[in-house]
Amino acid sequence: MRDNFDYNLAPFRENIDKITAEHNIKVKHVLVEKYDPPLAYPQKNMIFYNDNYETSIDSTFIEAHEIFHILHKSKNQTIYAFSPLAKIDEEISAHLFALRLFFKSVDEEYVPNYVSVMYALGLPLSMEHLVQKVWLENLKPFNVI
């Protein structure tokens, strides 16, 4: 669930668009059942994004997650379906990639704590440990006088 603050994710979107252009990744928007998640098809350099997909997770995060699968093609899997609850290493790496891209995209003052990041991206509690990990990677040490 999102709070009432309107988060500006435009810088995140700009970085996603830059990566898709640089790597010639095609994003095809489709309308299918609301329970069908977006898919990455690495061999075709393509993401199929279901605009009917019902989730609290922001589409920019999901698209960044799917970009990871395109950039880091696996020999073992040909199609990836987005799942915020997946526990396999490739899915966790894709979540971390999306989070790191988010942090590269925004000013540190914009997100005062990792919980704000979760609200901004609509992430579930099951991803809190990943958000906290990347938040800590990006914290600047306190200046001591």
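Residues numbered from 1 in each chain as written. Predicted model: local features only at pLDDT ≥ 70, side-chain atom pairs only at ≥ 80, totals over all residues. Heavy atoms only, no water.

A. Examining the pattern of salt bridges more closely. Using the criterion set out here, one finds 4 salt bridges in the structure. In this structure, the salt-bridge partner of Lys 34 is Glu 54, at a minimum N-O distance of 3.8 Å. Linking Lys 34 in the loop between β1 (26–30) and β2 (39–41) with Glu 54 in the loop between β3 (46–50) and α2 (59–71), this pair joins segments that are 20 residues apart in sequence. Residue class for Lys 34 comes out partly exposed when judged on its relative accessible area of 33%. Judged by its relative accessible area of 51%, Glu 54 is exposed. When the shortest N-O distance is used, the salt bridge between Glu 137 and Arg 100 registers 2.7 Å. Separated by 37 residues along the polypeptide, Glu 137 in helix α5 (residues 128–138) and Arg 100 in helix α3 (residues 89–105) bring together distant segments of the chain. The partly exposed category is assigned to Glu 137, whose relative accessible area is 40%. (Salt bridge = Lys/Arg side-chain N within 4 Å of Asp/Glu carboxyl O. Helix = DSSP H or I, 4+ residues; strand = E, 2+ residues; numbered from the N terminus. Buried < 20%, exposed > 50% of the residue type's maximum accessible area, 1.4 Å probe, protein only.)

B. Quick look at the pairing of β3. Examined bridge by bridge, β1 and β3 share 5 bridges and lie parallel to one another. The residue bridging His 29 from the neighbouring strand is Tyr 49, located in β3. Note: β2 against β3, 3 bridges, orientation antiparallel. Bridge pairing links Ala 40 to Ile 47 in β3. (Pairing = 2+ DSSP bridges.)

C. Spotlight on the packing of helix α4 (residues 114–121) against α5. It is at 9 Å that the axes of α4 and α5 come closest, and there the two elements cross at 120°. By the criterion of interaxial angle, the relationship of α4 to α5 is oblique. The crossing of α4 and α5 is right-handed. On α5, the residues touching Tyr 114, Val 117 and Met 118 of α4 are Glu 128, Val 131, Gln 132 and Trp 135. Tallied by class, residues from the contact of α4 with α5 come to 5 nonpolar, 1 polar and 1 charged. (Axes fitted to C-alpha atoms, helices over the stretch in contact; angles between N-to-C directions. Parallel < 35°, antiparallel > 145°, perpendicular 65-115°, else oblique. Left-handed = near helix turned anticlockwise from the far one by under 90°. Contact = heavy atoms within 4.5 Å. Nonpolar A, V, L, I, M, F, W, Y, C, P; charged D, E, K, R; others polar.)

D. Looking closely at the nonpolar core. Formed by 40 residues in total, the largest nonpolar core has its most connected members in Phe 12, Phe 61, Leu 99, Phe 102, Val 117, Leu 121 and Leu 123. When contributions to this core are tallied by element, the ones reaching two or more residues are α1 (10–22), β3, α2, α3, α4 and α5. The greatest single-element share of this core, amounting to 8 residues, is contributed by α3. In this structure Leu 123 touches Ile 57, Phe 61, Leu 99, Met 118 and Val 131, once residues within four positions along its chain are discounted. (Core = buried A, V, L, I, M, F, W, Y, C linked by side-chain atoms within 4.5 Å.)

E. Examining the environment of Asp 17 more closely. Take Asp 17: it is sitting in helix α1. Judged by its relative accessible area of 38%, Asp 17 is partly exposed. Considering only alpha carbons, one finds Asp 17 and Val 27, 10 residues apart in sequence, at a separation of 10.0 Å.

F. Spotlight on the packing of α3 against α5. It is at 10 Å that the axes of α3 and α5 come closest, and there the two elements cross at 40°. In terms of orientation, α3 and α5 fall into the oblique class. Viewed along their axes, α3 and α5 form a crossing whose handedness is right-handed. Residues Ile 92, His 95, Leu 96, Leu 99, Arg 100 and Phe 103 of α3 form the contact with α5, whose participating residues are Leu 130, Val 131, Lys 133, Val 134, Trp 135, Glu 137 and Asn 138. Taken together, the residues of the contact of α3 with α5 sort by class into 8 nonpolar, 2 polar and 3 charged.

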